[in-house]
Amino acid sequence: MASVVFENASRIYPGTTAPAVDKLNLTVADGEFLVLVGPSGCGKSTSLRMLAGLEEIDGGRVLIGDRDVTNVAPKDRDIAMVFQSYALYPHMTVAENMGFALKIAGVDKAEREKRVREAAKLLDLEPYLERKPKALSGGQRQRVAMGRAIVREPQVFLMDEPLSNLDAKLRVATRTQIAALQRRLGITTVYVTHDQVEAMTMGDRVAVLKDGLLQQVDTPRNLYDKPANAFVAGFIGSPAMNLLTAPVSGGKAQLGDLNIDVPASAGSSVTVGIRPEGWTAASTGFHVLVEVVEELGSDAFVYGKPADNNVKFANSVDEGAQVIVRWDPKNPPKPGETITVANVAGAVHLFDATTGARIN
């Protein structure tokens, strides 16, 4: 096992000016499960491929353990990669697929069979070792791809959206299996996903990227509680954080009749961030015109628009954004009604209205 270090690592694709990955500085501890997450085109898969040796590095360097692997061939980096596509050989059995890389590497038959059996036991694949891939479900094929990586006993696992081909229910089950397996094996793992729920439930730490730049890296809890900027605040959490730009007067941000204390340095307006569970029903405060109510049994979420003219959605929020409020599921409002809410104590996040940087 080994740590992984990106030192000012950059990748600029030919014909482009903006780096796909821009001076990435990131350390993955020995045995850690780190997730790279972000929207499409943020550079997460490129970062993983730079670590794997599948993309050139145009600046900086990459280390695995104490070894600089920037110019080392992929086969000599002692890594194993699990892709979105399972890439199993259809004419080989499960056992043959799992042991193929070892066979190519010249590992003797007895050792190959031993490692395949051990991996199959870990992954509950023992009954399927003589089957061909076409006789397996999607989840079983994904486990075979995992087994093929495990038998190599690498220093680092690299996983590039390995669950994206599975249906929603199977994704939930498989992500818990992968996280539990990684903790049992203790192998350093870098995992790429665009799904922030997947990132939050699997990673020891999560690194959030946007436009090739690292925005924040921290534990899932800290990302949720203390996002470094408005982008991270809006990206992490499901449903998303409400990000509203409000005018500032007399040291207070004004959301309708709701006044929120802000630092003196806040300027004439500020972006106020409040998660759906950070609102509470009130007699006076911020007014929301209800458009849709999602009733989920144990929870209800109200989606609507600000009914106060002095409030707008922050620039970082997508078009079609709505205010989201978690509500008492036994007494939800109806579409067309206007509800009044105030913030729960300690639930407010403040960000610079221009730069998006956290200011509290």
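Residues numbered from 1 in each chain as written. Predicted model: local features only at pLDDT ≥ 70, side-chain atom pairs only at ≥ 80, totals over all residues. Heavy atoms only, no water.

An unreviewed UniProt entry annotates the protein as Multiple sugar transport system ATP-binding protein originating from Candidatus Planktophila sulfonica.

A.B. asks: What is the right way to read the overall build of the protein from this model?
C.D. replies: A count of helices and strands for the protein gives 8 helices and 20 strands. Seen through its principal axes, the protein has C-alpha atoms that stretch 75 × 45 × 35 Å. Per-residue burial over the protein gives 49% buried out of 360 residues. Partitioning the intrachain contacts of the protein with sequence separation of at least 6 by distance along the chain shows that 67% fall at a separation of at least 24. Just so you have it, the protein exposes about 16,800 Å², and 49% of that area is on carbon and sulfur atoms. Each charge class in the protein can be summarised by its mean position, and for the 39 positive and 42 negative side chains these summaries are 6 Å apart. (Helix = DSSP H or I, 4+ residues; strand = E, 2+ residues; numbered from the N terminus. Buried < 20%, exposed > 50% of the residue type's maximum accessible area, 1.4 Å probe, protein only. Contact = heavy atoms within 4.5 Å. Areas by Shrake-Rupley, 256 points an atom, 1.4 Å probe, with all protein chains shown as cover. Lys, Arg positive; Asp, Glu negative; His and termini not counted. Charge placed at Lys NZ, Arg CZ, Asp CG, Glu CD.)

A.B. asks: Can you help me understand the pairing of strand β9 (residues 205-210) in this one?
C.D. replies: If a strand is regular, its side chains alternate between the two faces of the sheet. The pairing of strand β3 (residues 33-37) with β9 spans 4 bridges and is classified as parallel. Counterpart to Val35 in the pairing with β9 is Val206. Relative to strand β10 (residues 213-218), β9 runs antiparallel, the two sharing 5 bridges. Of the residues in β10, the one forming a bridge with Lys210 is Leu213. The turn joining β9 and β10, which pair antiparallel and follow one another in sequence, is formed by 2 residues; a positive phi near 50 degrees is taken by Asp211. (Pairing = 2+ DSSP bridges.)

A.B. asks: When you look at the nonpolar core in this model, what are you seeing that I'm missing?
C.D. replies: A general feature of soluble globular proteins is that nonpolar side chains tend to end up buried together. Ranked by internal contacts, the top residues of the largest apolar core, which has 44 residues, are Met98, Val208 and Ile236. Each of domain 1 (4-226) and domain 2 (230-352) contributes no fewer than three residues to this core. Look past the residues within four positions of Ile236 in its chain and what remains in contact with it is Gln196, Met200, Val208, Leu223, Tyr224 and Arg275. (Core = buried A, V, L, I, M, F, W, Y, C linked by side-chain atoms within 4.5 Å. Domains from an automatic or database assignment.)

A.B. asks: Teacher, can you tell me more about the sheet that holds β3 here?
C.D. replies: The strands making up a sheet are joined through hydrogen bonds of the backbone, oriented either antiparallel or parallel. Spatially, 6 strands are ordered β6-β7-β8-β3-β9-β10 in an open sheet, and the strand pairing comes out mixed. Single-partner strands in this sheet number two, and they are β6 (79-82) and β10. Averaged over neighbouring strand pairs, the angle between their axes works out to 20 degrees when direction is ignored. In the packing of helix α5 (residues 168-185) onto the sheet, contacts are made with β3, β7 (156-160) and β8 (188-193), and the angle to β3 comes to roughly 140 degrees. (Axes fitted to C-alpha atoms, helices over the stretch in contact; angles between N-to-C directions.)

A.B. asks: Mind showing me how you'd approach the side chain of Gln216 here?
C.D. replies: Structurally, the position occupied by Gln216 is in strand β10. Overall, Gln216 belongs to the buried group, its relative accessible area being 10%. With residues near it in sequence (within four places) discarded, Gln216 still touches Val206, Ala207, Val208, Asn222, Leu223, Lys226, Pro227, Ala228 and Val232.

A.B. asks: Is there a simple way to explain the pattern of salt bridges in this structure?
C.D. replies: Working definition: two side chains of opposite charge can pair if their charged atoms are close together. For the coordinates displayed, the defined rule picks out 16 salt bridges. Its salt-bridge partner being Asp68, residue Arg61 comes within 3.6 Å of it at the nearest N-O pair. You can call Arg61 partly exposed: its relative accessible area is 32%. Taking relative accessible area as the criterion, Asp68 reaches 36% and is therefore assigned partly exposed. Its salt-bridge partner being Arg115, residue Glu153 comes within 3.9 Å of it at the nearest N-O pair. Highlighted residues: Glu153 in the loop between α4 (138-150) and β7 and Arg115 in helix α3 (residues 109-122), separated in sequence by 38 residues. When its relative accessible area of 15% is taken as the criterion, Arg115 is described as buried. Within this structure, Arg11, Arg49, Glu55 and Asp58 form a network of salt bridges that share partners. (Salt bridge = Lys/Arg side-chain N within 4 Å of Asp/Glu carboxyl O.)

A.B. asks: Sorry, what's going on with the sheet that holds strand β18 (residues 323-327) here?
C.D. replies: Pairing within the open sheet is antiparallel, and its 4 strands lie in the order β18-β16-β15-β19. Lying at the two open borders of the sheet, with one neighbouring strand each, are β18 and β19 (338-343). For this sheet the average axis-to-axis angle between neighbouring strands, irrespective of direction, equals 55 degrees. Where strand β16 (residues 300-306) lies against β18, 5 bridges are found, and the strand directions are antiparallel. Within β18, the residue paired with Ala300 across the bridge is Trp327.

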